[in-house]
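# Per-entry structural report
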Amino acid sequence: MSDLVAIGGTEVVKKWGFVAMHAAIAASFMFLLQRFFLNASQETSLLWALFFAVCAAGLAYKQSTR
C-alpha cells in the first residue's frame, strides 16, 4: 500500500471517489425523480438511474483528467 502513496495513490483514490460519488448522486436523484414524482415503474426508474449514473461518471471522469 505504501507503494501507491509513493506514486500518487491518494490522487487516484480522490479521483475515483469523486467519480463514484458523482455517479451515485446522479443515480439517486434520477431514481427518486422518476419513481416518486413522475410515477414511473420501478424497472423504468432503475434503467433511467443506471443511464444517468453512467453519464455522470463519464462526465466526472472527463473533468477529473483535465
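Please read these numbers as outputs of a predicted model, since none were measured by experiment. (Residues numbered from 1 in each chain as written. Predicted model: local features only at pLDDT ≥ 70, side-chain atom pairs only at ≥ 80, totals over all residues. Heavy atoms only, no water.)

## A word on the confidence of the model for the chain
Per-residue pLDDT for the chain has a mean of 88; in total, 86% of the residues score no lower than 70. At the low end of the mean pLDDT range in the chain sits helix α1 (residues 2–6), at 52; at the high end sits helix α3 (residues 42–64), at 96. (pLDDT = per-residue confidence, 0-100. Helix = DSSP H or I, 4+ residues; strand = E, 2+ residues; numbered from the N terminus.)

## A closer look at a nonpolar patch on the surface
Where nonpolar side chains cluster on the molecular surface, the patch consists of L32, F36, F37 and L38 and spans about 480 Å² of accessible area. Along the chain, F37 turns up in helix α2 (residues 9–37). (Patch = residues over 30% accessible without salt bridge, like charges linked within 9 Å, V, L, I, M, F, W, Y side chains within 5 Å. Areas by Shrake-Rupley, 256 points an atom, 1.4 Å probe, with all protein chains shown as cover. Salt bridge = Lys/Arg side-chain N within 4 Å of Asp/Glu carboxyl O.)

## As for the packing of aromatic side chains
The way to describe two aromatic rings as a pair is by their centre distance and the angle between their planes. Enumeration according to the criterion identifies 4 aromatic pairs in this entry. Ring plane angle 85° and centroid distance 6.0 Å describe the contact between W48 and F51, whose orientation is recorded as edge-to-face. Separated by 3 residues within a single helix, W48 and F51 lie in helix α3, roughly one turn from each other. F51 gets classed as partly exposed once you look at its relative accessible area, which sits at 46%. Here a set of aromatic residues connected by ring pairs shows up, and it is made of W48, F51 and F52. (Phe/Tyr/Trp six-rings, centres within 6.5 Å; stacked < 30°, edge-to-face > 60°. Buried < 20%, exposed > 50% of the residue type's maximum accessible area, 1.4 Å probe, protein only.)

## Concerning the side chain of S45
Relative to the elements of secondary structure, S45 occurs in helix α3. A polar contact is formed between the side chain of S45 and the backbone nitrogen of R35, at a distance of 3.4 Å. Among residues more than four places away in sequence, those in contact with S45 are F31, Q34, R35 and A40. (Polar contact = N/O pair within 3.5 Å; in protein donor to acceptor, adjacent residues only side chain to side chain. Contact = heavy atoms within 4.5 Å.)

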